[in-house]
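Coordinate analysis (summary)
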Amino acid sequence: MSSNRPGDRLARADTGSGVPVGRFDRYLLGQLMTLFGFFSLVLILLYWVNRAVVLFDQLISDGQSALVFLEFSALSLPAIIRIVLPLAAFIAALYVTNKLTTESELLVVQSTGFSPVRLARPAFVFGLIVTLLTGALTHVLVPVAAAQLGARQDEIASNITARFLTPGQFLNPVDGITVYVRDINDAGALQDLFLADTRESGRQVIYTAATAYLVRSEGGPQLVMVDGLAQTLRGSDQRLYTTRFDDFTYDIGRLIVSEEPGRLRERNVWSGPLLQASPALQAQIERPAVALRAEVHDRMNKALLGFVGPVLGFAALLIGGFSRFGVWRQIVVAVVLVVVVTSLESVSSTLVDADPTRWPLLYMPTLVGLAIASALFWLAAHPALLRRRPAPPPPEPAGGAA
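Residues numbered from 1 in each chain as written. Predicted model: local features only at pLDDT ≥ 70, side-chain atom pairs only at ≥ 80, totals over all residues. Heavy atoms only, no water.

1. Quick word on the overall build of the protein
Helix and strand counts for the protein stand at 12 helices and 6 strands. By residue count, 40% of the 402 residues in the protein fall in the buried class. Long-range contacts, defined as pairs at least 24 residues apart, comprise 59% of the intrachain contacts of the protein with a sequence gap of at least 6. Total accessible area on the protein stands at roughly 22400 Å², and carbon and sulfur atoms take up 61% of it. (Helix = DSSP H or I, 4+ residues; strand = E, 2+ residues; numbered from the N terminus. Buried < 20%, exposed > 50% of the residue type's maximum accessible area, 1.4 Å probe, protein only. Contact = heavy atoms within 4.5 Å. Areas by Shrake-Rupley, 256 points an atom, 1.4 Å probe, with all protein chains shown as cover.)

Rendered as structure tokens:
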């Protein structure tokens with residue numbers, strides 16, 4: 001007569017079928033993937049909403065359309081997903097392992113002779129899946145999206161016209177500049193222009209004009225004011241100087257703030273060209289080959305942390321055994337260990353930024369995380385080391401009973 005106990009069924013499914021992934025593996029991996037998808041969706045929405053609020057305020061206030069806002073939001077999603085995936089994988093591993101422990105499912109499987117490392121095989125597969133997803137994002141999707149986002153930002157920043165073509169509103173295209181246009185006629189002329197320039201300390205200039213035009217030139221966009229007045233207030237003696245003009249050209253190209261235009265950033269290049277580090281790419285980015293390859297190693301480490309997180313969380317919850325009060329102590333330990341690994345990542349990145357030749361330090365968080373996980377698996381395989389030894393009995397009286 002065959003037994004129908006859950007542990008026996010799982011053991012037969014694993015040893016008798018010849019399939020590399022048994023019933024328990026499929027069950028645990030399915031649980032991990034389901035919770036991983038759920039937590040990823042929740043965290044992505046939270047991160048995206050925070051990002052969308054900032055984008056909405058920046059773009060809509062600059063006179064951009066809702067389509068531009070949606071485009072920028074979509075281009076920012078790969079970077080958000082890259083941040084969220086390892087975190088969601090760690091939370092999913094904690095949740096599933098805690099659930100299986102409190103419901104005694106892991107205890108049943110362990111009673112069939114499964115070692116802690118054997119129990120963790122689905123967690124290894126799950127971590128590998130997260131690593132591949134994170135790697136695709138860090139090496140390709142995030143740099144491509146960042147390059148496209150940077151190009152669109154430069155395009156919008158150079159199109160200063162949009163910042164002036166909002167009639168009836170006081171606009172601040174940059175700090176220290178206030179612009180107001182009463183109306184815009186069908187020919188594109190700005191009616192009743194007001195422009196206040198307070199960027200220079202001790203000197204304020206206000207330009208007013210009945211009509212103004214935005215004109216493109218080789219030196220950038222120019223604002224041509226017709227039939228106007230320039231009022232200059234000098235702070236040193238509080239004297240006001242006024243100048244009437246028939247036409248006056250104001251170089252609004254100076255208002256465009258562009259961070260080193262034309263320079264390519266390594267974060268906007270996918271990993272293939274960075275790994276080759278051709279002389280042309282080094283000249284364009286203005287960074288040596290070792291720095292470009294260090295960026296690739298940093299991306300590889302970020303992808304590997306997608307494996308470390310769930311494995312570390314699973315290993316931490318295996319120690320301590322079953323308790324009807326749950327495994328909250330192990331959860332706290334797992335969170336602390338992940339914080340330590342994340343702190344090491346920040347420290348190693350700072351050191352490599354200062355000296356790219358130290359790029360092997362980038363893998364220190366991954367190696368430390370795997371070493372801690374290995375130690376936890378070893379402790380889980382030797383539970384006697386974690387048990388409190390009973391106190392020795394008190395010695396009997398020397399004389400004995402009379």
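That was the structure; now back to the text.
2. What about the packing of aromatic side chains?
What the rule picks out here adds up to 11 aromatic pairs. Considering the side-chain rings of Phe170 and Phe194, the 6.3 Å spacing of their centres and the 75° angle between planes classify their relative orientation as edge-to-face. With Phe170 in strand E1 (residues 170–171) and Phe194 in strand E3 (residues 190–197), this pair connects stretches of sequence that are 24 residues apart. A relative accessible area of 57% places Phe170 in the exposed class. Both rings, one in Phe245 and one in Phe248, keep their centres 5.5 Å apart while their planes meet at 40°; by these two values the pair is tilted. Looking at Phe248, the relative accessible area reads 30%, which means it is partly exposed. Through a chain of ring-to-ring contacts, three or more aromatic side chains come together here, namely Tyr207, Phe245, Phe248 and Tyr250. (Phe/Tyr/Trp six-rings, centres within 6.5 Å; stacked < 30°, edge-to-face > 60°.)

Nothing here speaks to function; it is geometry throughout.
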